[in-house]
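Residue-level structural notes
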Amino acid sequence: MAAPLSGHHVAVLMGGLSSEREVSLVSGAACADALERLGAKVSRVDAGRDVAAVLTRIKPDVCFNALHGAWGEDGCVQGVLETLGVPYTHCGVLASALAMDKAKSKAVLAAAGVTVPGGGLFNRHVAAAGHVMAPPYVVKPNAEGSSVGVFLVFEGANSPPQEIVAPAWTYGEEVMIEPYIRGLELAVGVMDGRAMNVTEIIPRTGFYDYEAKYGEGGSEHVVPARIPAHVAEKAKELSERAHAALGCRGVTRSDLRYDDINDVLVLLEVNTQPGMTPTSLVPEQAAAGGVSFDDLVLWITEDAYANAGGNAGSVANQGQDGR
């Protein structure tokens, strides 16, 4: 029996130009390995500004987009792929751009009945000059992921984080400032519009920052989360509603906070290209539901074909050239 992707040429886009480059390289390598096990011819593309020329030269049947962060996850690469006419995984141009912009996505989600944090956008110099809201609160870039550039300002802090006005700051002139929601860190994967599971995240550092997300032993993941049944169902419902409201497709991951003392559940953001590293949440949720990593990668790839002109169904039935 032929491998599911035998005869198909898949370009895996990884690395890229964002602050999440290293994470993307790990995600991309894991997905490329899985695609090779599935029988595909795989081209591993470290996506730079010449990505259009590279793809035009190698002529893949489909692109598996394993990029994270700005340029690869915010609609830019998606627009290039639309122009080239190459099918690609995950969300389209509009959903990608909208989900990456925290301020605009929060407005859309709130209008759809999804509970989101308060707060808003502030010029980074204003935000650094004095507290714009009473601590505790969170300061984050408006268009980054993986907790890059995120600061938690605790009660009693004398001043806001001065890193946001340092010369090394490259994350834009405006920062999102939100009230800190105490409690549990939760995540829900959504696959084909349906919630997969609820993960409870216990960071070793006390805050789910970049190191806690990707460092060896940086956090503990409990699947399913140890929360009341009504909270789990609500987390799934909000995540499905958010996925639909932003116009997402394929696999996404919603991040939430649950204040277990006051029984308040808040959705923080939607990630349109969830991590696919060994410590990533969506592969863990898939495994908990009986879906192996290779089968997850296969489904994501099939979904790219299905969204490229209605060619729904198994990739194995698409013909030897993948079209």
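Structure report, in brief. All values derive from a computational prediction rather than experimental measurement.

1. Some details on the pattern of salt bridges
Across all of its chains, the model carries 15 salt bridges by this definition. As a salt-bridge pair, E36 and R44 come within 3.1 Å of each other at their nearest N and O atoms. Its relative accessible area of 40% is what places R44 among the partly exposed residues. Notably, a salt bridge pairs E185 with R257, separated by 2.7 Å at the nearest N-O pair. One end of the pair, E185, is in strand β8 (residues 184–191); the other, R257, is in strand β11 (residues 251–259), and 72 residues separate them in sequence.

2. Overview of the sheet that holds β11
Overall, antiparallel pairing links the five strands, which are arranged β10-β9-β8-β11-β12 in an open sheet. Edge positions in the open sheet fall to β10 (219–222) and β12 (264–271), since each of these has one partner strand only. In this sheet, adjacent strand axes meet at a mean angle of 30° when their direction is disregarded. Examined bridge by bridge, strand β9 (residues 194–203) and β10 share four bridges and lie antiparallel to one another.

3. Overview of the nonpolar core
Ranked by internal contacts, the top residues of the largest apolar core, which has 27 residues, are V12, L35, F64 and L296. Elements with a contribution of two residues or more to this core: β1 (9–14), α1 (21–37), β3 (62–65), α9 (281–288) and α10 (293–306). For this core, the leading source of residues is α10, giving seven residues. Once residues within four sequence positions are removed from consideration, F64 is found in contact with V10, A11, V12, L13, C31, L35, T89, H90, V297, I300 and T301. Grouped together as the second largest cluster of nonpolar side chains are 25 residues, L186, V231, C248 and L256 included.

4. Topic: the sheet that holds β1
Read across the sheet, three strands follow the order β2-β1-β3 without closing on themselves; strand pairing throughout is parallel. The open sheet has two free edges, formed respectively by β2 (41–46) and β3, since each of these has just one partner strand. Here the strands of the sheet are splayed against their neighbours by 25° on average, with no regard to which way each runs. One ladder, built from six bridges, connects β1 with β2; its direction is parallel. Counterpart to V10 in the pairing with β2 is V42.

5. Considering helix α3 (residues 76–84)
When α3 is considered as a whole, its buried residues turn out to be V77, Q78 and L81. The arc enclosing the buried residues of α3, seen along the axis, measures out at 100°, which places them on a common side. Contacts made by the buried residues of α3 are with β1, α2 (51–58), β3 and α4 (93–100). A positive phi of about 75° marks G85, the residue just after α3.

6. Describing the packing of α2 against α3
With their axes 10 Å apart at the nearest point, α2 and α3 run at an angle of 35° to one another. Like other packed secondary-structure pairs, α2 and α3 cross with a definite hand, here right-handed. For the pair α2 and α3, contact is made by V51, A52, L55 and T56 and by V80, L81 and L84, respectively. Residues that form the contact of α2 with α3 fall into these classes: six nonpolar, one polar and no charged.

The rules we used
Residues numbered from 1 in each chain as written. Predicted model: local features only at pLDDT ≥ 70, side-chain atom pairs only at ≥ 80, totals over all residues. Heavy atoms only, no water. Salt bridge = Lys/Arg side-chain N within 4 Å of Asp/Glu carboxyl O. Buried < 20%, exposed > 50% of the residue type's maximum accessible area, 1.4 Å probe, protein only. Helix = DSSP H or I, 4+ residues; strand = E, 2+ residues; numbered from the N terminus. Pairing = 2+ DSSP bridges. Axes fitted to C-alpha atoms, helices over the stretch in contact; angles between N-to-C directions. Core = buried A, V, L, I, M, F, W, Y, C linked by side-chain atoms within 4.5 Å. Contact = heavy atoms within 4.5 Å. Arc of directions from axis to C-beta. Left-handed = near helix turned anticlockwise from the far one by under 90°. Nonpolar A, V, L, I, M, F, W, Y, C, P; charged D, E, K, R; others polar.

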